[in-house]
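Below, each chain spelled out in residue letters.
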Amino acid sequence: MSEKSIALMTDKEKKYHSLSTRVFRLVLLGASIMGILLLLLGIFLYSLAVANQYISTSYTLAHSAAEVLQKSEDVEALANEVTGRFRSMTDAERADVDSEAYESRFADVQERKDFISIRTTLGYFLESSDVYDVYLAFYDRETGGLLYFADPSEEDVALPGYWEEVNASEIEHFLSWDGEGMLYNISKMEKYGWICTSGYPLKNEKGEIYAFVLADITLKELVPKLTGFALGYGALLIVLIPLFGWLMLRHIKKKIVNPVNTIAEAAQTYVQSKSSGGQRGALFEGLNIHTGDEVENLALSMTEMEKDITNYEENLTRVTAEKQRIGTELALATRIQADMLPNIFPAFPERKEFNIYASMTPAKEVGGDFYDFFFVTQDRLAMVIADVSGKGIPAAMFMMMAKSMIQTQAASGRGPKEVLETVNRLICANNQEEMFVTVWFAILDMKSGRLTAANAGHEYPILKKPDGDFEIYKDKHGFVIGGMEHMRYKEYEIQLEPGSKLFVYTDGVAEATSMDLELFGMERTLEALNEAKDGSAEEILLSVNRAIDRFVGDAEQFDDLTMMCLEYNGYESVTEDHELAEEK
């Protein structure tokens, strides 16, 4: 097929690559192949028929001659005499079959009346038939040869006692014949070419074979007959194949090519009309194709496609407008959610006792993770990180509700345990969607460095002591918020020393997944933290983010990714710095 499109082809190229031309070439090729196969089959069947005719002729002659000899001549006596003399000879004596000494051993046999009578009878059959030769002989299994008794042929006559080696399979074939079908063997001789030897066995009173009447017929006339048949058949094919191709082409053009071209022209008109923005109308519906086959089904399918495309375009216009509206609203929701979380850093530049930094990267436009930090009193900082079940708009709405409740309860002066228990009761009281949220909530006393926390099914916090590495702090877990009403939670305390750092996160960190579906895991998380353990809270989060990005690569983000890091500097050192500054 040409690499050009139909629109760029010349008329000559279009005609050459047209469906009609291709169908015609295909029909000619198929008809030619079929004709050649039929020719080969015809030659085979013809040769088989001719060969069967030759075989039948020679076998019938041998059978008839055998019947006559058995009734009129004492064939067995002659056969036994010649066979006996032949077998009494040594291998060396039998080897020189053309010598005068060898022929002298059987010279008297030719003077016997039975030999002359048998030879005369066989001569009558030979003269009245088309066979090459008819003779009396015996397949001798012991010497592996064919032993001649009487041969009426005037040319290349085989005298009594003459023998020649033959194939062992031929000997077994004749000696083991069961009487079914015709007994024959086809072989190629160097002097005579292909010869068919048919025979009929002569048996004594014991049922033992003592001789065969054999008839040879040459197959050399088979080749000219086959050649004439092939030439005549081939000439007929040369005439019939183009005629057949032309008739098939007319039929195919009427039933397939012309309807397909009509559909193609309608499709081209449809595309041009669509490109120009004009009214297309019902182009395919008016084609009026009634071929009663797949082409008609194609026309009907194109009609339905035209209607479906029209409806699709109308729906697409509406859906596109709706999608743009939803996209605008999602972008607005993303900004609103980002604005709800503390996103200005440093968050409390006037407070030197600590430094805090946090980030949230949603898996979709909006997410269910959230973090928050705020002062409940002048020296008590509340921190919270949470992960809502699910993603998208529902999780974001649930997140805003949970965040608001936690902030409200914390502002009332309650400790982490009481805050989580109260929020759990409020959410469970009206949670028809059965959503839940994992929460880690803590309050840090800036003066003492004592951190009081409670964990509602959230990830373990990771703590770094001064001059140490980041290590997982396995705190006491409670059940998730919203999972079961009247849950009780346990508080625990961590004493932060100046220089301590605390890292909290959601499961999106450890469960970040690579292209090979391998999880980032806690071991890599700790490695990333300790690579930047001496850096600021922001530098620590950037180190974790970079490690996750390298690990994930081009894989899609499956879960929200939220982290928060607190660096505690100590209250007393900050107070001393203030006093020194006032003295100066």
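Data block above holds the structure.
Rules used throughout
Residues numbered from 1 in each chain as written. Predicted model: local features only at pLDDT ≥ 70, side-chain atom pairs only at ≥ 80, totals over all residues. Heavy atoms only, no water. Pairing = 2+ DSSP bridges. Helix = DSSP H or I, 4+ residues; strand = E, 2+ residues; numbered from the N terminus. Axes fitted to C-alpha atoms, helices over the stretch in contact; angles between N-to-C directions. Parallel < 35°, antiparallel > 145°, perpendicular 65-115°, else oblique. Left-handed = near helix turned anticlockwise from the far one by under 90°. Contact = heavy atoms within 4.5 Å. Nonpolar A, V, L, I, M, F, W, Y, C, P; charged D, E, K, R; others polar. Phe/Tyr/Trp six-rings, centres within 6.5 Å; stacked < 30°, edge-to-face > 60°. Buried < 20%, exposed > 50% of the residue type's maximum accessible area, 1.4 Å probe, protein only. Core = buried A, V, L, I, M, F, W, Y, C linked by side-chain atoms within 4.5 Å. Salt bridge = Lys/Arg side-chain N within 4 Å of Asp/Glu carboxyl O. Polar contact = N/O pair within 3.5 Å; in protein donor to acceptor, adjacent residues only side chain to side chain.

**Q** Tell me about the sheet that holds strand β7 (residues 354-361), and please be specific about residues and values.
**A** Spatially, the five strands line up as an open sheet ordered β7-β17-β16-β12-β13, and their pairing is antiparallel. At either end of the open sheet lies a strand with only one pairing partner, and these are β7 and β13 (470-472). On average, each strand axis in the sheet is inclined to that of its neighbour by 15°, with strand direction left out of account. As paired strands, strand β16 (residues 501-505) and strand β17 (residues 561-568) are joined by five bridges and run antiparallel to one another. Among the inter-strand pairings, Lys501 is bridged to a residue of β17, identified as Glu567.

**Q** Which residues make up the packing of helix α10 (residues 392-411) against helix α11 (residues 416-429), and what values go with them?
**A** Packed helices, taken two at a time, are described by the angle their axes make and the gap between the axes. Interhelical geometry of α10 versus α11 gives an angle of 135° and a closest axis separation of 9 Å. When the axes of α10 and α11 are compared, the pair comes out oblique. Where α10 crosses over α11, the handedness of that crossing is right-handed. Contacts from Phe398, Met401, Ala402, Met405, Ile406, Gln409 and Ala410 of α10 reach α11 at Val419, Thr422, Val423, Leu426 and Ile427. Tallied by class, residues from the contact of α10 with α11 come to ten nonpolar, two polar and no charged.

**Q** I'd like to hear about the packing of aromatic side chains, residue by residue, with values.
**A** Within the structure shown, the criterion is met by 20 aromatic pairs. Residues Tyr135 and Tyr148 carry aromatic rings whose centres are separated by 5.2 Å and whose planes lie at 40° to one another, so their mutual orientation is tilted. Of this pair, Tyr135 sits in strand β1 (residues 133-140) while Tyr148 is found in strand β2 (residues 145-150), placing the two residues 13 residues apart along the sequence. Per residue, the accessibility class of Tyr135 equals that of Tyr148, and both read buried. Ring pairs connect the aromatic residues Phe345, Phe348, Phe354, Tyr357, Tyr371, Phe373 and Phe375, which therefore count as one cluster.

**Q** Summarise the nonpolar core; cite the residues concerned and give the values.
**A** Ranked by size, the top nonpolar core spans 53 residues in total, and within it Met383, Val439, Trp440 and Phe441 carry the most contacts. Residues Leu122, Phe125, Val131 and Ala215 belong to the second largest nonpolar core, which totals 49 residues.

**Q** Tell me what's going on with the environment of Val68, and back it up with residues and numbers.
**A** By the secondary structure assignment, Val68 is in helix α2 (residues 19-72). For Val68, a relative accessible area of 35% puts it in the partly exposed group. The spatial distance from the C-alpha of Val68 to the C-alpha of Thr121 is 8.3 Å, given a sequence separation of 53 residues. Not counting residues within four places of it along the chain, the set of residues in contact with Val68 comprises Thr121 and Phe125.

**Q** Go over the pairing of strand β11 (residues 450-456), please, and point to the residues and values.
**A** In terms of burial, β11 is largely enclosed, as six of its seven residues are buried. Both strand β10 (residues 437-445) and β11 contribute to a ladder of six bridges, which runs antiparallel. Residue pairing for β11: Leu444 is matched across the bridge by Leu451. Across five bridges, the pairing between β11 and strand β15 (residues 491-495) is antiparallel. Its bridge partner lying in β15, Ala453 is registered against Tyr492. Judged from the two bridges that link them, β11 and strand β14 (residues 477-478) form a sheet pairing that is parallel.

**Q** Report on the pairing of β7, specifying residues and quantitative values.
**A** With respect to burial, β7 is a largely interior element, six of its eight residues being buried. Inspection of the sheet shows β7 paired to β17 by eight bridges, in the antiparallel sense. Across the sheet, Met360 pairs through a bridge with Thr562, a residue of β17.

**Q** Can you tell me about the pattern of salt bridges, naming the residues and giving the values?
**A** Close approach of charged atoms allows side chains of opposite charge to pair. Considering all chains together, one arrives at 15 salt bridges under this definition. Among the ionic pairs, Glu421 bridges to Lys417, the shortest N-O distance being 3.0 Å. Here Glu421 pairs with Lys417, and both are found in helix α11, just four residues apart, close to one helical turn. Glu421 gets classed as buried once you look at its relative accessible area, which sits at 7%. It is possible to trace a salt-bridge network through shared partners that takes in Arg351, Glu353, Asp379 and Lys447.

**Q** Explain the side chain of Asp560 residue by residue, including any values.
**A** Within the secondary structure, Asp560 sits in the loop between α14 (537-552) and β17. Using a relative accessible area of 1% as the deciding quantity, one classes Asp560 as buried. A distance of 3.4 Å separates a polar atom in the side chain of Asp560 from the backbone nitrogen of Asp369. Apart from residues lying up to four places away in sequence, Asp560 is in contact with Thr361, Pro362, Ala363, Lys364, Gly367, Gly368, Asp369, Thr506 and Gly508.

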